[in-house]
Amino acid sequence: MDEARVLYDVDLAHPFGCDQSAFGNSSDGSGSQTRARKTHGDRSFCISDLDVRLGDRSSDLPNLVRVESGRRLLTEAVWKRHSTALGEFLLAATEKGLCSLGWAAPGDLARLEAWGERHGVLIVGEDTGARLDRACAQLTAFCKGELRAFDLSLDMRGTKFQLAVWHELCAIPFGTTLTYGELARRVENPGGSRAVGSANGKNPIPVVVPCHRVVAADGLGGFSGGLERKEALLALEGARLF
């Protein structure tokens, strides 16, 4: 990955859409510029002068920042842990929508931050507002069997092929399954079952984007959350494998 110099193009009074009290501030006294700095792991990010490692993808994101090298973009996200009938989840969202969801596990926050670095997302801290409340409420209802379809704004990041696969996943009805081969045909990639399976495995928002509804021709197939959880989700929906 390339090292890039980043110049933020945001409201300096509220960097990353956060209250400035969350940062250590300094000023030259003239009021012409406020520098806000936040320590993130072993790196120190500064609003007017920032070094950051970026991935090789970019997309249309909210809270844009200007990057001198390659015009890459960066946006902020917050995270939250939430317990449900099917376990505890770690969720993250940008201002645009839910961008990551997974079962909580040791090291999950570090993995989320690493995912963010690869996809132009800066994980700035825990959600202390209401950004993730709707997603948490719907996830709770779904895991209790009280909700059949999610109604959430999503901010998904991936290749064009991955996005096409994830889009088709959202069209699989509750309580039904689809084989990897059929999904490959739907994205006009006949014979691309393995590529579809790889895209499924990289789905950043399982459950909401129902990759668990895709199965092998002779069994469950894989699942990023583990086969026991895939079985539990399919059982919750009353889905038949074949």
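Residues numbered from 1 in each chain as written. Predicted model: local features only at pLDDT ≥ 70, side-chain atom pairs only at ≥ 80, totals over all residues. Heavy atoms only, no water.

Colleague: Can you walk me through the layout of surface pockets in this structure?
Modeller: One simple way to see leftover space: roll a probe sized like a water molecule over the atoms. Size it by volume and the largest pocket reaches roughly 690 Å³. Lining the largest pocket are 28 residues, with Ser 100, Leu 101, Trp 115, Asn 203 and Pro 204 positioned closest to its centre. When contributions to the lining of the largest pocket are tallied by element, the ones reaching two or more residues are strand E8 (87-93), strand E9 (98-103), helix H1 (108-118) and helix H3 (160-169). A class-by-class count of the residues in the lining of the largest pocket yields twelve nonpolar, nine polar and seven charged. (1 Å grid on protein atoms, 1.4 Å probe; cavity = no way out; pocket = protein on both sides within 12 Å on 5 of 7 lines; lining within 4 Å. Points joined across faces, edges and corners; volume = space filled by probe spheres on them. Helix = DSSP H or I, 4+ residues; strand = E, 2+ residues; numbered from the N terminus. Nonpolar A, V, L, I, M, F, W, Y, C, P; charged D, E, K, R; others polar.)

Colleague: Explanation requested: the nonpolar core in the structure shown.
Modeller: One broad trend across soluble globular proteins is that nonpolar side chains are buried collectively. Residues Phe 89, Leu 91, Leu 98, Leu 101, Leu 139, Leu 169 and Val 207 are the most contacted members of the largest nonpolar core, which totals 36 residues. At the level of elements, E8, E9, helix H2 (133-143), H3, helix H4 (180-186) and helix H5 (193-201) are the ones that each hand at least two residues to this core. Per element, the largest residue contribution to this core is five residues, and it comes from H2. Look past the residues within four positions of Leu 101 in its chain and what remains in contact with it is Phe 89, Leu 90, Leu 91, Leu 139, Pro 204, Ile 205, Pro 206 and Val 208. By size, the runner-up hydrophobic cluster in this structure holds nine residues, among which are Ala 77, Ala 92, Leu 112 and Ile 123. (Core = buried A, V, L, I, M, F, W, Y, C linked by side-chain atoms within 4.5 Å. Buried < 20%, exposed > 50% of the residue type's maximum accessible area, 1.4 Å probe, protein only. Contact = heavy atoms within 4.5 Å.)

Colleague: Explain the environment of Leu 109 here, please?
Modeller: Note that Leu 109 resides in helix H1. Through-space distance from the C-alpha of Leu 109 to that of Ile 123 is 9.2 Å; in sequence the pair is 14 residues apart.

Colleague: Quick question: what am I supposed to make of the packing of H3 against H5 here?
Modeller: The axes of two packed helices give the description: the angle between them and the distance between them. Contact pair H3 / H5: the axes reach a minimum separation of 9 Å and the direction vectors enclose 80 degrees. Taken together, the axes of H3 and H5 lie roughly perpendicular to each other. Listed contacts from H5 to Phe 161, Gln 162, Val 165, Trp 166 and Leu 169 of H3 are Ala 195, Val 196, Ala 199 and Asn 200. Residues belonging to the contact of H3 with H5 are distributed by class as follows: seven nonpolar, two polar and no charged. (Axes fitted to C-alpha atoms, helices over the stretch in contact; angles between N-to-C directions. Parallel < 35°, antiparallel > 145°, perpendicular 65-115°, else oblique.)

Colleague: Quick question: what am I supposed to make of the pattern of salt bridges here?
Modeller: In total, this model carries nine salt bridges according to the counting rule given. Ionic pairing is found between Asp 155 and Arg 157, a salt bridge with its closest N-O pair at 2.7 Å. Across the pair, exposure class does not vary: Asp 155 and Arg 157 are buried alike. What emerges from the salt-bridge pattern is a single network uniting Glu 76, Glu 95 and Arg 131. (Salt bridge = Lys/Arg side-chain N within 4 Å of Asp/Glu carboxyl O.)

Colleague: Looking at this structure, I do not really get the sheet that holds strand E7 (residues 75-84). What am I missing?
Modeller: Each strand in a sheet pairs with another by means of backbone hydrogen bonds, the pair being arranged parallel or else antiparallel. Strands sit in the order E9-E8-E7-E10 across an open sheet of four strands; the sheet is mixed. Each of the sheet's edge strands pairs with one partner strand only, and the pair in question is E9 and strand E10 (121-126). Within the sheet, the average angular offset between the axes of one strand and its neighbour, ignoring direction, is 30 degrees. Pairing of E8 with E9 involves five bridges; the strand directions are antiparallel. Note that in E9 the partner of Ala 92 across the bridge is Ser 100. (Pairing = 2+ DSSP bridges.)

Colleague: Explain the confidence of the model for the protein chain here, please?
Modeller: Of the residues in the protein chain, 69% reach a pLDDT of 70 or more, and the chain-wide mean stands at 77. Per-residue pLDDT stays below 50 along residues 1-71; that stretch engages in 144 contacts with residues further than four places along the chain or on separate chains. (pLDDT = per-residue confidence, 0-100.)

Colleague: How should I be thinking about unusual backbone geometry in this particular structure?
Modeller: Excluding glycine, most residues fall at negative phi; most peptide bonds, likewise, are trans. Phi at Glu 188 takes a positive value of approximately 60 degrees, unusual for a residue other than glycine. Structurally, Glu 188 can be placed in the loop between H4 and H5. Using a relative accessible area of 72% as the deciding quantity, one classes Glu 188 as exposed. Positive phi, close to 75 degrees, is recorded for Val 207, a residue that is not glycine. Checked against the element boundaries, Val 207 lands in the loop between H5 and strand E12 (214-215). Overall, Val 207 belongs to the buried group, its relative accessible area being 2%.

Colleague: I tried to follow the side chain of Asp 127 on my own but got confused; where do I start?
Modeller: Examined against the element boundaries, Asp 127 turns out to sit in the loop between E10 and H2. With no salt bridge to any partner, buried Asp 127 finds its closest opposite charge in Lys 80, at an N-O distance of 5.2 Å. At a separation of 3.0 Å, a polar atom in the side chain of Asp 127 contacts the main-chain amide nitrogen of Leu 132. Non-local contacts of Asp 127, meaning those with residues more than four positions away in its chain, are made with Val 78, Trp 79, Lys 80 and Leu 132. (Lys, Arg positive; Asp, Glu negative; His and termini not counted. Polar contact = N/O pair within 3.5 Å; in protein donor to acceptor, adjacent residues only side chain to side chain.)

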